[in-house]
Amino acid sequence: MATIENALIYLMNAISGLTALNGGRTWDTKMPDNPVFPATTLQAIGRLPQHTMSDRDSLGIKTYQIQHWGDDKEVVIGMAEAVRQQLDGFSGTVQVSGAGVPIGILVGITAAEGVYDIVINGILLQNELDLYDDDTRVFHRLQQFKVMFQEN
């Protein structure tokens, strides 16, 4: 089944400024063992359930951390800036196959059978933090985004 995470990974992989710097190494939740840097990870860190007086609302609100990792601080900053420019304020529909494979960004197109429209009401940058790990000698910038979307 298609998820909001599939849609977010698609959106990040569509950011040419990010992929030019991280080589398309964008991972959901964790990097593989012995990762190649620079790289980017996406992780959900919170969910705020929405309710009406009679039922659960269809609006989903999740908080995500997008973390950019690398041994060159300027590259890490460049990746974060590319993501900020494209995702902060984004709203739209991302089409994802039933297998979770993103297909594209749509406007007013009905999904085909086995294809899901992930409707994103808004993505808002909430915070950024620069970090450095002495043990691995890796810089990383953490970006925290609030993502509002339509749940099925």
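Preceding this section is the structure that the text describes.
The rules behind the values
- Residues numbered from 1 in each chain as written.
- Predicted model: local features only at pLDDT ≥ 70, side-chain atom pairs only at ≥ 80, totals over all residues.
- Heavy atoms only, no water.
- Helix = DSSP H or I, 4+ residues; strand = E, 2+ residues; numbered from the N terminus.
- Buried < 20%, exposed > 50% of the residue type's maximum accessible area, 1.4 Å probe, protein only.
- Polar contact = N/O pair within 3.5 Å; in protein donor to acceptor, adjacent residues only side chain to side chain.
- Contact = heavy atoms within 4.5 Å.

Visitor: I'm lost on the environment of Arg47 in this one. Help?
Guide: Relative to the helices and strands, Arg47 is located in strand S2 (residues 39–48). Residue Arg47 is classed as partly exposed on the basis of its relative accessible area of 42%. Sequence spacing of Arg47 and Ile61 is 14 residues, and the spatial spacing of their C-alpha atoms is 5.9 Å. In terms of polar contacts, Arg47 uses its side chain to reach the side chain of Glu151, at 2.9 Å.

Visitor: Could you clarify how one ought to interpret unusual backbone geometry in this entry?
Guide: Outside of glycine, negative phi angles account for most residues, and trans bonds account for most peptide bonds. That bond from Phe37 to Pro38 is cis: its omega, 0 degrees, falls within 30 degrees of zero. By the secondary structure assignment, Pro38 is in the loop between strand S1 (26–28) and S2. A positive phi angle, near 75 degrees, is found at Thr29, a position not held by glycine. Structurally, the position occupied by Thr29 is in the loop between S1 and S2.

Visitor: Sorry, what's going on with the side chain of Gln143 here?
Guide: Structurally, the position occupied by Gln143 is in strand S7 (residues 138–150). Looking at Gln143, its side chain comes within polar contact range of the side chain of His68, at 2.8 Å. The contact partners of Gln143, leaving out residues within four places of it in the chain, are Tyr64, Gln65, Ile66, His68, Ala80, Val83, Arg84, Leu125, Asn127 and Glu128.

As far as function goes, none of this settles anything; it's purely spatial.
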